[in-house]
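In case you want the letters, here they are:
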Amino acid sequence: MTVFSLHHITILLSIGLLISAMSCSDRGGQVSSALAAADSLMMTQPQAALDTLSGIDSTRIRRMDRSERAFYTLLTTEAEYKCWLPVAEDTAISEAVRYYRRRGPEDRLARALTMQGAVISERGDAEGAMKAYKEAEPIVENGGDLEQLGLINTRIGELYKGSFINDSAAIARYRKALDCFEKAGLPERIMYTHSSIARMLILDSADKAISHLEKAMSMAEQSGNKPLTLSCLELYSHFYYSRQDYQGIISTTRRVLPAYMTGAQNSAEERMFNNLFYNAALAFCRMDLPDSARTAVGKMSMDSSIDSMMVYYAC
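First, a word on scope: everything that follows refers to the structure included in this document. What you see is a predicted model, and the numbers here were worked out from it, not measured in a lab. (Residues numbered from 1 in each chain as written. Predicted model: local features only at pLDDT ≥ 70, side-chain atom pairs only at ≥ 80, totals over all residues. Heavy atoms only, no water.)

Some words on the nonpolar core
Right, so step 1: Core analysis: the biggest nonpolar cluster contains 95 residues, and Leu-35, Leu-53, Ile-56 and Tyr-100 have the highest contact counts within it.
Right, so step 2: Looking at this core element by element, the count peaks at ten residues for helix 14 (residues 267-286).
Right, so step 3: Non-local contacts of Leu-35, meaning those with residues more than four positions away in its chain, are made with Leu-53, Ile-56, Glu-68, Phe-71, Tyr-72 and Leu-75. (Core = buried A, V, L, I, M, F, W, Y, C linked by side-chain atoms within 4.5 Å. Buried < 20%, exposed > 50% of the residue type's maximum accessible area, 1.4 Å probe, protein only. Helix = DSSP H or I, 4+ residues; strand = E, 2+ residues; numbered from the N terminus. Contact = heavy atoms within 4.5 Å.)

Written as structure tokens, this is what we have:
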């Protein structure tokens, strides 16, 4: 009887261990599925990707092996960055870069380097960010992903524009990005890149800017993209001012009034409204219409020292 009981106990323990092992395996499978799901959502629905990653149990995260942890880190950084969350304090992405540099695959190394560049850029280290982006660039190019190659060129262009103050290099990068997006057939990327090139050219080379501006404006209106339409109208205002076409400025400003009545949605839109009404005020002055100029000035906000200088100059 005792032997029989011990025999059954041994069998039961064996079954218990097997179930436990299967349970762990199932949890591992669930994590792999969650990572794969987040990866598939990343480009089109980054918030859904972030929600998927947030749903992974913290205990399982602590038990991840190096491969899982590197992928989890990469995906989390990508999702947070695409959802406009701050990533400057993210130190784990460097560990992911080191892992993929040793183990591959190269496409994930390129993605990790791109995110490392974004993190370093948010910290204010333009040189470090440029180094990460340029290391990722040939890997992405060899992989043939035109959208990612376009995005890499866009980010390098932004660094040339904002940190290295090299407009010609920035424009060259934006043009490379535009070529990639056009070959990949990505209309939203195309219209934003046309807008970026137009904004770079508008003050110094207005004639070269106008074709890009016209394409961006047309695509924005067709797609119902109101923020980009507003941005294009602001650029048209600058274009008309460079031509001393004061009536053109006034007509452009009147097109903006319906959007102005609903209020600015963010600081970028507020800045665009200020620029539009500033140009309108100057145009009315040149047309000897001081009352209309005062009305335009009255629509400007003074939330910064630059705003105040613009208002006082117009006055």
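Here the narrative resumes, following the displayed structure.
Focus on the side chain of Arg-111
Right, so step 1: With respect to the element layout, Arg-111 can be found in helix 6 (residues 106-122).
Right, so step 2: Here Arg-111 falls in the buried class, since its relative accessible area comes to 19%.
Right, so step 3: In this structure, Arg-111 is in contact with Asp-39, Leu-74, Leu-75 and Glu-78, ignoring residues within four places of it in sequence.

Some details on unusual backbone geometry
Right, so step 1: In this structure, the amide linkage connecting Gly-104 to the following residue, Pro-105, adopts the cis form with an omega of 0 degrees.
Right, so step 2: Mapped onto the secondary structure, Pro-105 falls in the loop between helix 5 (92-103) and helix 6.
Right, so step 3: Residue Gln-244 is not a glycine yet carries a positive backbone phi of 55 degrees.
Right, so step 4: Within the secondary structure, Gln-244 is located in the loop between helix 12 (226-242) and helix 13 (246-261).

Comments concerning the packing of aromatic side chains
Right, so step 1: Applying the stated rule across the entire model yields eight aromatic pairs.
Right, so step 2: Aromatic rings pair up to connect Tyr-236, Phe-239 and Tyr-240 into one cluster.
Right, so step 3: Over the aromatic face of Phe-71 sits the side chain of Arg-108, whose NZ or CZ is 3.6 Å from the ring centroid. (Phe/Tyr/Trp six-rings, centres within 6.5 Å; stacked < 30°, edge-to-face > 60°. Lys NZ or Arg CZ within 6 Å of the ring centre and 35° of its normal.)

A look at the pattern of salt bridges
Right, so step 1: Under the criterion given, the structure shown has twelve salt bridges.
Right, so step 2: With a closest N to O distance of 2.9 Å, Arg-101 and Glu-135 form a salt bridge. Here the residue Arg-101 occupies a position in helix 5, and Glu-135 occupies one in helix 7 (residues 126-143), the gap between them amounting to 34 residues.
Right, so step 3: Classification of Glu-135 by relative accessible area gives partly exposed; the value is 31%.
Right, so step 4: Notably, a salt bridge pairs Arg-173 with Glu-137, separated by 2.7 Å at the nearest N-O pair. Here the residue Arg-173 occupies a position in helix 9 (residues 167-184), and Glu-137 occupies one in helix 7, the gap between them amounting to 36 residues.
Right, so step 5: Note on Glu-137: relative accessible area 9%, which makes it buried.
Right, so step 6: Shared partners join several salt bridges into a network, and the residues in it are Asp-39, Glu-78 and Arg-111. (Salt bridge = Lys/Arg side-chain N within 4 Å of Asp/Glu carboxyl O.)

Considering the packing of helix 9 against helix 10 (residues 187-201)
Right, so step 1: Packing of helix 9 against helix 10 brings their axes to within 9 Å, and their N-to-C directions diverge by 160 degrees. By the angle between their axes, helix 9 is roughly antiparallel relative to helix 10. As helix 9 packs across helix 10, the resulting crossing turns out to be left-handed. Taking contact as the criterion, the partners of Asp-167, Ala-170, Ile-171, Tyr-174, Arg-175, Ala-177, Leu-178, Phe-181 and Glu-182 in helix 9 are, on helix 10, Arg-189, Ile-190, Thr-193, His-194, Ser-196, Ile-197, Met-200 and Leu-201.
Right, so step 2: Grouping the constituent residues of the contact of helix 9 with helix 10 by class yields ten nonpolar, three polar and four charged. (Axes fitted to C-alpha atoms, helices over the stretch in contact; angles between N-to-C directions. Parallel < 35°, antiparallel > 145°, perpendicular 65-115°, else oblique. Left-handed = near helix turned anticlockwise from the far one by under 90°. Nonpolar A, V, L, I, M, F, W, Y, C, P; charged D, E, K, R; others polar.)

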